[in-house]
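Overview (structure and organization)
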Amino acid sequence: MHKSEERTLNRKAECCCGQLSVEVYGEPYLHSICHCSDCKKRTGSAFGISSYFKKDAVIAQSGKTDQYSFYHKEKNHEQIRHFCSSCGTTLYWYVSSFPDLVGIAGGCFIEDSLGEPTYSISHGGKLPWVRISEDIETNA
Ligand SMILES: [Zn+2]
Ligand SMILES: [Zn+2]
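Residues numbered from 1 in each chain as written. Chains lettered and ligands numbered in written order. Predicted model: local features only at pLDDT ≥ 70, side-chain atom pairs only at ≥ 80, totals over all residues. Heavy atoms only, no water.

Re the coordination of the zinc ion (ligand 2)
Bound to the zinc ion (ligand 2) are the protein donor atoms C34 (SG), C36 (SG) and C39 (SG), situated 2.2 to 2.3 Å from the metal. Counting gaps between the donor residues of the zinc ion (ligand 2) yields the pattern C-x1-C-x2-C. Considered together, C34 and C36 belong to a single accessibility category, that of buried residues. (Donors = N, O, S within 2.8 Å, 3.2 Å for Na, K, Ca; no water. Buried < 20%, exposed > 50% of the residue type's maximum accessible area, 1.4 Å probe, protein only.)

Listed below in structure tokens is the structure:
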């Protein structure tokens, strides 16, 4: 990234009803889209946008969540997912293999959206009509 494009923006991700939010500083540590069947179910969409930030980049967090833990067979890790107690949006999660990171649902950053993802994960599960840039690194 060119120096002039560097951003040190705070961004806020919010659930559908707005009672739950998380605010982070700076750019994601890992910014990816994921085509696994689980991300499709979690989002009800063609792929999930999984944006991982260092836990210490979280500058504010508010609202009430419920949570469930989920063992990700394909990736052999456990996730604890937090979703809005009112509207059900999964807003953020913790992954056992990334103890310093928090995953945030990238599509929930509305006012200052994140840039283009750098990884396409579980790329083999990509729906045939989804076209992504060739600049994006893929992983089976
Ligand atoms: Zn909500
Ligand atoms: Zn996934």
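That shown, we press on.
Focus on the pattern of salt bridges
A full pass over the atoms with the stated rule returns four salt bridges. The partner of E27 in a salt bridge is R11, with the nearest N and O atoms 3.2 Å apart. Of this pair, E27 sits in the loop between β2 (21-25) and β3 (30-34) while R11 sits in strand β1 (residues 10-14), placing them 16 residues apart in sequence. Residue classification places E27 among the partly exposed positions, given a relative accessible area of 33%. Its relative accessible area of 1% is what places R11 among the buried residues. When the shortest N-O distance is used, the salt bridge between D38 and R81 registers 2.4 Å. Taken as a pair, D38 in helix α1 (residues 37-43) and R81 in strand β7 (residues 77-84) lie far apart in primary sequence, 43 residues in all. Looking at R81, the relative accessible area reads 2%, which means it is buried. (Salt bridge = Lys/Arg side-chain N within 4 Å of Asp/Glu carboxyl O. Helix = DSSP H or I, 4+ residues; strand = E, 2+ residues; numbered from the N terminus.)

With respect to the coordination of the zinc ion (ligand 1)
Listed as protein donors to the zinc ion (ligand 1) are C15 (SG), C17 (SG), C84 (SG) and C87 (SG); their distances from the metal cover 2.3 to 2.4 Å. With four donor atoms in place around the zinc ion (ligand 1) and angles of 106 to 118 degrees between them, the coordination shape is tetrahedral. Mapping the donors of the zinc ion (ligand 1) onto the primary sequence gives the spacing C-x1-C-x66-C-x2-C. A relative accessible area of 5% places C15 in the buried class. (Tetrahedral: all angles 85-135°; square planar, octahedral: opposite > 155°, others 65-115°.)

A few points about the pairing of β2
Note: β1 against β2, five bridges, orientation antiparallel. Each residue of the ladder has a partner; that of K12, found in β2, is E23. Hairpin remark: β1 followed by β2, antiparallel, with six residues in the connecting loop; positive phi at G18, about 90 degrees. As paired strands, β2 and strand β5 (residues 58-62) are joined by four bridges and run antiparallel to one another. Looking at the pairing, S21 lines up with S62 of β5. (Pairing = 2+ DSSP bridges.)

Digging into the pairing of strand β4 (residues 48-54)
Most of β4 is tucked away: five of the seven residues are buried. Where β3 and β4 come together, five bridges link them in antiparallel fashion. Each bridged residue has a counterpart across the sheet, and for C34 the counterpart in β4 is G48. Where β4 meets strand β9 (residues 101-105), five bridges bridge the pair, whose relative direction is antiparallel.

Here's the deal with the UniProt feature "domain: CENP-V/GFA" (unreviewed entry) in the protein
Residues given the UniProt feature "domain: CENP-V/GFA" (unreviewed entry) here are residues 11-120. Along residues 11-120 the backbone is 6% helical and 50% strand, and the end-to-end C-alpha distance reaches 22 Å. (UniProt positions renumbered as here; feature names shortened; annotations may be inferred.)

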